[in-house]
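Fold and contact review
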Amino acid sequence: MRDEVGALLYLQYDVSGTETEEMEGSNGVPHLKLSVDENRLTEGARKIIEEIRPFWNLENVQFDVLTNGYTNKLIRCREENGPPHEAVLVRVYGNKTELMIDRNAEKRTILILNNLGLPPRLYASFENGLAYEYIPGRTLNCNTIRQPEIYKLIATHLAYMHKVQLPNDLAKKPMLWEKLEDFFNMLPETFSDSAKHERYNATIMPRCKMQDEINMLKKKLIKLNSPLVFTHNDLLLNNIIYSQEKGSVEFIDFEYSGVNYQAFDVGNHFNEFVGFENIDYSNYPDKELQWNWLRAYLSELHNSEEISDRDIHKLYVQANKFALASHMFWGVWALLQAEYSTIDFDFMGYAAIRLNEYAAKKEAFLALNYLS
């Protein structure tokens, strides 16, 4: 199974856009020459359903606009009284998100996961979005994420994904620094909204300081030699679906997935314990919770219950140091969203929170050391 995963993943990073279309076709996944107006979601979703679910009676289809998309518009389509797992989720890409996300790579990732029997199953792509399987269950919050029976499921599921075998050439190419540099270089010198630019100047470190911090982080974190694995990179609470009935979790939204540092994926997830909207950094997992989480993760990763304290502590140090890179990554990302997104969310405020938390934790996290 692990060799099969590795072979499939090689396709993700060695195919062009044309070959992506071939992959879609070979998987029976159509590409629709349709665009959905983000201001007319129901009308657009109806056209998608007409194409991919011609046997549905549209008079009996419910179109529910969901509110848990921070950069995209989401609408769930389901037949009245139909099984929840047969619902279709239509995702319309947010404004200018193509500047930050390789949409061909995202589609390839989903198709590869589908070949392995992992959800969500892709039903179709269209000009500005995707239609895929709706996974029944519930997203998490700052309380449920701290429940051992849930966070251990997440730890083991992430470890399973990190066990993917990467070809040697890919194992030398973390996406973090190149993507962060791309984001940084796209930052406007002056925000088009003058009020936002004033807030930036008043609440967020100057651009030159940000560049210095990125350079420093890269220099220090590379030395940790965190393994390169296939990562999700965006395990916020809304991207984890928990099924109490099945006793399982599934990850969704692989927009930022790729080859990256193991410790980034873990540290990034620890940052998400605090929430996205009503952020409370008192919810950042303490050492005891992290220790238990990491033990479950490493047990699955190494297929063994015999995990040493030294190994747990090593990943604890690495994850918290890479949590700083996570703050920087999403802080810069949020500044781009503040300039381009049409979603009703205070991205400038979010950028300030992430970058100020980076500054608050920088000294303590960088001071962490391995056991002697």
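Structural notes, computed from the coordinates.

**Section: the pattern of salt bridges**
- Under the definition given, this model contains 16 salt bridges.
- Between Glu213 and Lys209 there is a salt bridge whose closest N-O contact spans 2.7 Å. Residue Glu213 and its partner Lys209 are located together in helix α8 (residues 207–222), separated by 4 residues, close to a single helical turn.
- The class of Lys209 is partly exposed, set by a relative accessible area of 38%.

**Describing the sheet that holds strand β6 (residues 129–133)**
- Strand order in the open sheet made by the 6 strands is β1-β5-β6-β4-β3-β2, with mixed pairing throughout. Of all the strands in the sheet, the pair left with one neighbour each is β1 (31–32) and β2 (61–66).
- Pairing between β1 and strand β5 (residues 122–126): 2 bridges, direction parallel. The residue of β5 that forms the bridge with His31 is Ser125.
- In the packing of helix α3 (residues 41–52) onto the sheet, the strands contacted are β1, β2, β3 (73–79), β4 (88–92), β5 and β6, and the crossing angle to β3 comes to about 50°.
- Of the strands in this sheet, β1, β4, β5 and β6 are in contact with helix α4 (residues 103–115), which crosses β5 at around 165°.

**Digging into the nonpolar core**
- Core analysis: the biggest nonpolar cluster contains 90 residues, and Ile204, Met210, Trp293, Trp333 and Leu335 have the highest contact counts within it.
- Of the residues forming this core, the biggest block, 18 residues, is contributed by helix α11 (residues 309–340).
- Once you skip the residues sitting within four places of it in the chain, Met210 turns out to touch Phe184, Leu187, Tyr200, Ile204, Met205, Met328, Val332, Leu335 and Leu355.

**Quick look at the packing of helix α6 (residues 175–186) against α11**
- Close contact between α6 and α11 brings their axes to 9 Å; oriented N to C, the two are set at 35°. The two elements α6 and α11 meet at a crossing, and its hand is left-handed. Contact residues: α6 offers Met175, Leu176, Lys179, Leu180, Phe183, Phe184 and Met186, while α11 offers Phe322, Ala325, Met328, Phe329, Val332, Trp333, Leu336 and Tyr340.

**Brief notes about the side chain of Asn128**
- Relative to the elements of secondary structure, Asn128 occurs in the loop between β5 and β6.
- Owing to a relative accessible area of 19%, Asn128 belongs among the buried residues under this scheme.
- At 2.8 Å, the side chain of Asn128 and the backbone oxygen of Val36 are in polar contact.
- Beyond its immediate stretch of four places on either side in the chain, Asn128 contacts Leu34, Ser35, Val36, Arg91, Val92 and Tyr93.

**Concerning α3**
- The terminal C-alpha atoms of α3, which comprises 12 residues, lie 16 Å apart, in line with the 16 Å expected from a rise of 1.5 Å per residue.
- Among the residues making up α3, those that are buried are Leu41, Gly44, Ala45, Ile48, Ile49 and Ile52. One side of α3 holds all its buried residues, which, seen down the axis, span an arc of 140°.
- Structurally, α3 contributes buried residues whose contacts are with β1, β2, β3, β4, β5 and β6.

**A word on unusual backbone geometry**
- Of note, Asn225 is a non-glycine position whose phi angle comes to about 55°, a positive value.
- Secondary-structure assignment places Asn225 in the loop between α8 and β7 (228–231).
- Judged by its relative accessible area of 62%, Asn225 is exposed.
- Even without being glycine, Asn303 reaches a positive phi, approximately 55°.
- Here Asn303 lies in the loop between α10 (287–301) and α11.

**A word on the side chain of Ser341**
- Within the fold, Ser341 resides in the loop between α11 and α12 (347–366).
- Here the side chain of Ser341 touches Ile343 through a polar contact of 3.0 Å, landing on its backbone nitrogen.
- Beyond its immediate stretch of four places on either side in the chain, Ser341 contacts Asn95 and Phe347.

**Side note on the environment of Asn268**
- Within the fold, Asn268 resides in helix α9 (residues 262–271).
- Using a relative accessible area of 0% as the deciding quantity, one classes Asn268 as buried.
- For Asn268 and Ala159, which are 109 residues apart along the polypeptide, the C-alpha to C-alpha distance reads 14 Å.
- Apart from residues no more than four positions distant in its own chain, Asn268 is found in contact with Asn233, Asp234, Leu235, Ser326 and Trp330.

**Concerning the packing of aromatic side chains**
- Per the stated rule, a full pass over the model turns up 18 aromatic pairs.
- Ring centres 5.1 Å apart and planes at 85° place the aromatic pair Tyr256 and Trp330 in the edge-to-face group. Placement of Tyr256 in the loop between β9 (248–251) and β10 (258–261) and of Trp330 in helix α11 is noted, with a sequence separation of 74 residues between them.
- Judged by relative accessible area, Tyr256 falls into the buried class, the value being 4%.
- The interplanar angle of 80° and the centroid separation of 4.8 Å between the aromatic rings of Phe329 and Trp330 together place this pair among those described as edge-to-face.
- Classification of Phe329 by relative accessible area gives buried; the value is 2%.
- One residue, Arg103, lies across the ring of Tyr93, its end atom 3.6 Å from the ring centre.

So, how was this worked out
Residues numbered from 1 in each chain as written. Predicted model: local features only at pLDDT ≥ 70, side-chain atom pairs only at ≥ 80, totals over all residues. Heavy atoms only, no water. Salt bridge = Lys/Arg side-chain N within 4 Å of Asp/Glu carboxyl O. Helix = DSSP H or I, 4+ residues; strand = E, 2+ residues; numbered from the N terminus. Buried < 20%, exposed > 50% of the residue type's maximum accessible area, 1.4 Å probe, protein only. Pairing = 2+ DSSP bridges. Contact = heavy atoms within 4.5 Å. Axes fitted to C-alpha atoms, helices over the stretch in contact; angles between N-to-C directions. Core = buried A, V, L, I, M, F, W, Y, C linked by side-chain atoms within 4.5 Å. Left-handed = near helix turned anticlockwise from the far one by under 90°. Polar contact = N/O pair within 3.5 Å; in protein donor to acceptor, adjacent residues only side chain to side chain. Expected span 1.5 Å × (residues − 1). Arc of directions from axis to C-beta. Phe/Tyr/Trp six-rings, centres within 6.5 Å; stacked < 30°, edge-to-face > 60°. Lys NZ or Arg CZ within 6 Å of the ring centre and 35° of its normal.

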